[in-house]
Amino acid sequence: MSIINLDAPGRTVLMMGNEAIARGALEAGIQVAAAYPGTPSSEIIGSLAEVAESMGIYVEWSVNEKLALEVAGSASMAGLRSITAMKQNGLNVASDYLFTLTMTGVKGGIVLVVCDDPSSHSSSNEQDSRAFARIGDIPLFEPSSFQEAKDMTQYALELSEELKTVVMLRGVTRISHARGNVTLGNLPKLKRQPKFDTASPFHYAPVLQKHSLLHDKLAKAKEHFETSSFNGYEGPDCPDLMIITSGTGVAYTREAITLTGLEDRVGILKIGTTWPLPERLIGRQLTRAQKVMFVEEVDPFLESNVKEISADLIFALEIAPRIFYGKRSGHIPMVGELNTDRVVDALQKVLGTPYDPRDATYSKRVWEVNKEFVPERVLGFCPGCPHRASLWAIKNALKIDDRDGFLTGDIGCYALARTASGFSLAKTAGAMGSGTGLACGFGKLRQFGFDQPVVSVCGDSTFFHAAMPALVNAQYNRSNFVMCILDNNTTAMTGFQSHPGVGLNAMGLPGPVVDIESICRSLGVKVEVHDPFDLKGGIEILARLFQEEGVKVLILKRKCALLRLKDENPPYKIHIDPEKCIGEECGCNRICTRVFRCPGIIWDTEVQKSKVDEVICVGCGVCTDICPNGAIIKEEA
Amino acid sequence: MFLNKDPLNLIITGVGGQGNVLASQLLGNALVAKDFFVTIGETYGASQRGGPVMSHLRISKKAQCSPLIPQGKADIILGLEPVEALRVMGNYGNPHIVIVVNSRPIYPLDVTVGNAKYPNAQIIWSLLTELSHKAYMLDATDMALRLGTPILANIIMVGTLVALEAVPLTQEDLAGIIRETFPANKLEINLRALQMGMDAIKKPEGRNNLRRTSLAL
């Protein structure tokens with residue numbers, strides 16, 4: 001039984017922010033949900049998929065975010081309510097259709113949830129997606145708590161349906177991947193019958209008329225927001241400083257005020273509807289305080305937009321100009337996520353309030369201890385991960401080729417190819433599919449004398465998402481590189497979601513397997529398929545492919561080690577022969593530990609030899625091929 | 001039960017795969033059922049194993065706290081891995097803190113490959129006691145292995161936390177949540193793990209698995 005479809009109105013439960021969003025969607029009666037997984041958004045659609053059958057809804061993993069929005073969009077056009085969710089990078093992919101959907105309008109309520117990742121805990125940037133709401137004239141909500149994550153999602157769907165336009169809800173990692181109290185509402189029992197009204201088509205033309213209509217919709221949204229209970233002021237009537245904040249900033253600001261004891265001097269204007277801004281409400285509140293500070297993640301979005309409103313008000317209300325503090329003044333950092341300490345720091349600077357978080361001597365000592373005794377804990381490939389083996393083959397083939405070849409990286413677990421665990425092979429990083437897109441371009445530089453071999457990598461899920469068009473482009477334009485598809489039969493990095501190559505849909509129902517090899521062959525490119533655990537064979541194939549002209553695809557196929565362990569026993573028992581491992585005298589310079597970096601092999605500093613950690617080792621046996629002295633022994637388990 | 005401090009700030013820290021998130025969820029669910037506001041902020045990277053995982057669990061009768069504990073404001077650290085406990089002391093520790101830590105190290109990659117050093121057990125214990133008000137070190141992984149699987153160390157440590165009355169929960173509160181959470185075939189073993197963690201404090205023979213700074217619990 002999942003928490004998100006618990007039929008217990010009025011009961012308060014602990015919910016992850018993403019679950020609260022999913023619950024809000026269910027309470028609003030959504031019937032269709034679609035997404036491509038992306039941290040920190042994945043559990044929204046993931047948790048809906050788990051209850052799809054019992055709730056009688058349709059949930060899919062789409063191959064990319066634009067498709068997910070289109071699938072949700074068509075449900076809306078047929079009169080159903082729908083949801084799509086994505087990380088900030090995904091919004092960029094979906095944005096082409098998003099900015100058309102705003103023109104065509106919608107019918108059933110549709111909400112686009114975007115989960116930003118301030119501080120980039122698991123992303124390639126820390127983009128603030130709120131700018132899209134302004135560019136696209138899209139009503140925007142920003143939940144500041146778990147309860148609001150649920151309530152706002154539900155309300156956003158109702159508003160979308162009333163205004164006939166798509167609505168955005170923006171969360172961040174600290175809402176999505178955090179948990180808190182949520183009081184449940186009712187789950188609707190009735191389902192709608194979908195029907196596309198052919199008399200009312202969804203066209204973007206005439207564009208100027210539709211654009212004007214969109215502005216009317218936005219004006220109506222603004223009227224709702226002027227009186228919305230998601231906005232409000234708390235604090236003294238005439239504070240020395242008023243903080244305007246949204247999202248996670250609200251809780252950080254409340255705590256910062258308590259910690260510094262400034263309850264009688266500082267007030268909070270919380271804005272939950274951050275686009276379009278409720279101008280009259282903000283205008284009234286601005287008259288409270290001479291000094292105003294903005295607390296928000298990541299860009300100065302409220303800051304810029306409130307200042308714009310304020311500029312008009314100075315004349316309209318004949319009030320004195322306010323003094324603004326925030327990112328532009330340097331009081332709130334321009335990069336990185338916020339926390340209570342960062343708000344405390346800003347309060348100290350603006351109001352001169354002293355604050356010591358803890359005893360200074362303790363602080364000095366505890367940091368000394370950290371520096372001296374606490375080793376860093378970096379991410380690495382799991383024991384038995386096929387990517388380590390694939391990258392080992394690429395590394396060695398490039399070395400044999402000896403023309404300063406390099407690897408263009410992509411998004412997935414194998415993004416670790418930029419780190420020591422991936423032998424620092426990846427020399428470029430980009431968006432989903434960019435590894436192969438960049439390789440396309442490098443491969444066309446030969447006419448200018450470029451002669452370095454180029455290898456791109458991408459995973460199976462990334463292949464469907466964005467690398468497939470890059471491969472088509474490469475073949476069409478006769479580029480020259482090797483594309484390695486690291487096919488581990490899952491979307492591992494975001495939590496093992498299925499994809500078209502797996503044969504299961506989001507709801508766990510069996511379906512056709514879309515075969516990557518057949519797709520590649522149909523393009524006319526040279527295709528080879530290999531088991532990455534055969535290191536020697538992999539190196540030979542790659543070294544040969546580097547010599548051949550044109551676009552070559554090598555599919556390195558092996559199930560993700562974490563999935564394999566769920567239903568298979570380790571094939572081998574590995575040990576290191578202490579007679580054969582001669583340590584530093586070998587001349588291998590500890591290749592098995594220092595270079596190969598499988599956590600299953602440990603350098604024993606006492607005896608100066610390698611040994612196998614039997615708790616960590618999963619018996620894949622790949623390491624037996626890398627020891628020059630044959631000291632790593634595998635036996636059938 | 002009442003809070004002797006509001007909010008009460010607990011950090012559960014460890015390494016990916018140790019059941020950190022599950023431990024914080026069990027405590028969180030039990031506390032919400034007793035009408036507390038609970039906020040859990042989880043810090044972890046991608047799905048790959050081996051990275052540090054930290055949960056901030058904040059308990060209040062008054063309000064929903066933010067998902068991150070301010071600097072120096074942790075009240076309790078539950079360390080599923082010893083150097084991870086030391087690591088979070090850096091930003092969140094203070095002289096009043098209570099530490100409950102598992103004695104079994106999980107070596108970081110830089111240590112296993114021979115590029116970095118891991119402090120020995122004696123050093124860890126002396127640093128933990130120096131930097132805390134009270135410290136408890138439990139051989140939770142060894143105890144879990146006696147039950148058949150190292151993954152139970154998290155439940156054992158939750159039991160110890162409850163026995164120390166560090167959180168406003170009883171053994172029965174936790175047992176109730178465990179019954180709601182686990183499938184029938186895993187229920188008994190998890191309840192036994194909880195009991196084992198309690199016994200490490202409550203029973204003389206259980207204390208063989210425990211080191212502590214003072215005899216007074």
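Position numbers for residues count from 1 along each chain, tracking the sequence in the order it is written. Here the convention is simple: chains get letters from A, ligands get numbers from 1, in the order in which they are written. It should be noted that, the model being predicted, local features are given only for residues of pLDDT at least 70 and side-chain atom pairs only at 80 or more, the latter also being counted only at that level, while totals for whole chains, interfaces and linings use all residues. Here the side-chain values reflect all heavy atoms present in the structure, with hydrogen atoms and water set aside.

Topic: the overall build of chain B
Next up, step 1: Under the DSSP-based scheme used, a helix requires at least four consecutive residues in state H or I and a strand at least two consecutive residues in state E, with every element numbered from the N terminus. Counting secondary structure elements, chain B contains eight helices and seven strands.
Next up, step 2: The quantity called the radius of gyration is restricted to C-alpha atoms. Its globule counterpart is 2.2 Å times the number of residues to the power 0.38. Against the compact-globule benchmark of 17 Å for 217 residues, chain B has a radius of gyration of 16 Å, which places it among compact chains.
Next up, step 3: By its C-alpha atoms, chain B is 50 × 40 × 40 Å across when sized along the principal axes.
Next up, step 4: By residue count, 59% of the 217 residues in chain B fall in the buried class.
Next up, step 5: In chain B, of all internal contacts separated by at least 6 residues, the share reaching a separation of at least 24 is 66%.
Next up, step 6: Per-residue and other accessible areas follow the Shrake-Rupley method at a 1.4 Å probe size, with only the shown protein chains counted as cover for residues. By element, 53% of the accessible surface of chain B is carried by carbon and sulfur atoms, the whole surface being about 8000 Å². Partly exposed describes any residue whose relative accessible area lies between the buried limit of under 20% and the exposed limit of over 50%, with all areas from a 1.4 Å probe on protein chains only and scaled to the type maximum. Whether two residues are in contact is decided by their heavy atoms, any of which lying within 4.5 Å being enough.

Re the overall build of chain A
Next up, step 1: A count of helical and extended segments in chain A gives 21 helices and 24 strands.
Next up, step 2: In summary, chain A has a C-alpha radius of gyration of 28 Å against a globular reference of 26 Å for 637 residues, a match within 12%.
Next up, step 3: When the backbone C-alpha atoms are referred to their principal axes, chain A occupies close to 85 × 75 × 60 Å.
Next up, step 4: Looking at the 637 residues of chain A, the share that counts as buried comes to 59%.
Next up, step 5: Here the analysis covers contacts within chain A between residues at least 6 apart in sequence; of these, 79% occur between residues at least 24 apart.
Next up, step 6: Of the accessible surface of chain A, which amounts to about 25500 Å², a share of 53% is contributed by carbon and sulfur atoms.

Section: the packing of helix H1 (residues 17-27) of chain A against helix H2 (residues 42-50) of chain A
Residues and elements named next belong to chain A.
Next up, step 1: To obtain each axis, a line is fitted to C-alpha atoms, and for helices this fit is confined to the stretch in contact; angles are then taken between N-to-C directions over 0 to 180 degrees. Two elements in contact, H1 and H2, have axes separated by 8 Å at closest approach and are oriented at 50 degrees. As the angle between them shows, H1 and H2 are arranged oblique. Relative to H2, the crossing made by H1 is right-handed. Side by side, H1 and H2 meet where Asn18, Glu19, Ile21, Ala22 and Leu26 of the first sit next to Ser42, Glu43, Ile44, Ser47 and Leu48 of the second. Comment on the angle field: the value is read as roughly parallel under 35 degrees, roughly antiparallel over 145, roughly perpendicular from 65 to 115, and oblique elsewhere. Crossings are sorted by hand: turned counterclockwise from the far helix by less than a right angle, the near helix makes the crossing left-handed, and turned clockwise it makes it right-handed.

Let's talk about the interface of chain A and chain B
Next up, step 1: Each side of the interface is counted separately: chain A has 57 residues, and chain B has 64 residues.
Next up, step 2: A buried area of about 5100 Å², summed over both sides, lies between chain A and chain B, and 57% of it is on carbon and sulfur atoms.
Next up, step 3: Buried area is understood as the total, over both parts, of accessible area removed when two parts are fitted together, assessed with a 1.4 Å probe. Considering only the surface of chain A that becomes buried against chain B, Arg179, Tyr362 and Arg377 of chain A emerge as the three largest contributors, covering 17% of it.
Next up, step 4: Any Lys or Arg side-chain nitrogen found within 4 Å of a carboxyl oxygen on Asp or Glu counts as a salt bridge. Taken together, the connections running from chain A to chain B amount to six salt bridges.
Next up, step 5: Between Glu84 of chain B and Arg377 of chain A there is a salt bridge; the shortest N-O distance is 2.5 Å.

Concerning the sheet that holds strand S18 (residues 481-487) of chain A
Residue and element names in this part refer to chain A.
Next up, step 1: On the basis of which strands lie adjacent, the open sheet formed by six strands has the order S16-S15-S17-S18-S20-S19 and parallel pairing. A strand with exactly one partner marks an edge of an open sheet, and here the two such strands are strand S16 (426-428) and strand S19 (526-530). With strand direction ignored, the average angle separating the axes of adjacent strands in the sheet is 30 degrees.
Next up, step 2: Note: S19 against strand S20 (residues 551-557), five bridges, orientation parallel. Strands are treated as partners if at least two bridges between them are detected by DSSP.

Quick word on the environment of Ala34 of chain A
Next up, step 1: With respect to the helices and strands, the residue Ala34 of chain A is situated in strand S2 (residues 32-35).
Next up, step 2: On a C-alpha basis, the gap between Ala34 of chain A and Arg597 of chain A in space is 38 Å, while along the polypeptide they are 563 residues apart.

Quick look at the sheet that holds strand S8 (residues 178-183) of chain A
Next up, step 1: Taken in spatial order, the nine strands of this open sheet run S1(A)-S8(A)-S2(B)-S3(B)-S1(B)-S4(B)-S5(B)-S6(B)-S7(B), and their pairing is mixed. Of all the strands in the sheet, the pair left with one neighbour each is strand S1 (12-16) of chain A together with strand S7 (210-212) of chain B. For this sheet the average axis-to-axis angle between neighbouring strands, irrespective of direction, equals 15 degrees.
Next up, step 2: Looking at chain direction, strand S2 (residues 37-43) of chain B and strand S3 (residues 52-60) of chain B are connected through seven bridges and run antiparallel. Across the sheet, residue Thr39 of chain B finds its bridge partner in S3 of chain B, namely Arg58 of chain B.

Considerations on the packing of helix H14 (residues 360-373) of chain A against helix H2 (residues 82-92) of chain B
Next up, step 1: The interhelical angle for the contact between H14 of chain A and H2 of chain B, taken along N-to-C directions, is 145 degrees, at an axis separation of 9 Å. The two elements H14 of chain A and H2 of chain B meet at a crossing, and its hand is left-handed. On H2 of chain B, the residues that touch Tyr362, Val366, Trp367, Val369 and Asn370 of chain A of H14 of chain A are Leu86, Arg87, Met89, Gly90 and Asn91 of chain B.

Comments concerning the pairing of strand S1 (residues 8-15) of chain B
All names here are of chain B.
Next up, step 1: Across the eight residues of S1, eight count as buried, placing the element largely inside the fold.
Next up, step 2: Where burial is concerned, the two faces of S1 agree: the one with Leu8, Leu10, Ile12 and Gly14 and the one with Asn9, Ile11, Thr13 and Val15 are both buried.
Next up, step 3: Of the strand pairs in this sheet, S1 and S3 are connected by eight bridges, and their pairing is antiparallel. What sits directly across from Leu10, in S3, is Leu57.
Next up, step 4: Summarising the sheet, S1 and strand S4 (residues 76-79) pair through four bridges and their orientation is parallel. Bridging across to S4, Leu10 finds its partner in Ile76.

Things to note about the pattern of salt bridges
Next up, step 1: Summed over the entire model, instances satisfying the criterion amount to 49 salt bridges over all chains.
Next up, step 2: Each of Asp116, Asp128, Arg130, Glu142, Arg170 and Glu296 of chain A takes part in a single network of salt bridges with overlapping partners.

A short note on the nonpolar core
Next up, step 1: If you look at the biggest cluster of nonpolar residues, it comprises 53 residues, and the most contacted ones within it are Leu10, Leu27, Ile156, Leu161 and Leu174 of chain B.
Next up, step 2: The element best represented in this core is helix H6 (residues 153-163) of chain B, accounting for eight residues.
Next up, step 3: Setting aside anything within four residues of it in sequence, one finds Leu27 of chain B in contact with Leu10, Ile12, Leu57, Val158, Leu161, Val167, Leu169 and Leu174 of chain B.
Next up, step 4: Counting 52 residues, the second largest nonpolar core, distinct from the first, contains Ala389, Ile394, Leu556 and Phe596 of chain A. Think of a nonpolar core as a cluster: buried Ala, Val, Leu, Ile, Met, Phe, Trp, Tyr and Cys residues, connected wherever their side-chain atoms sit within 4.5 Å.

Read these as spatial facts, not as claims about activity.
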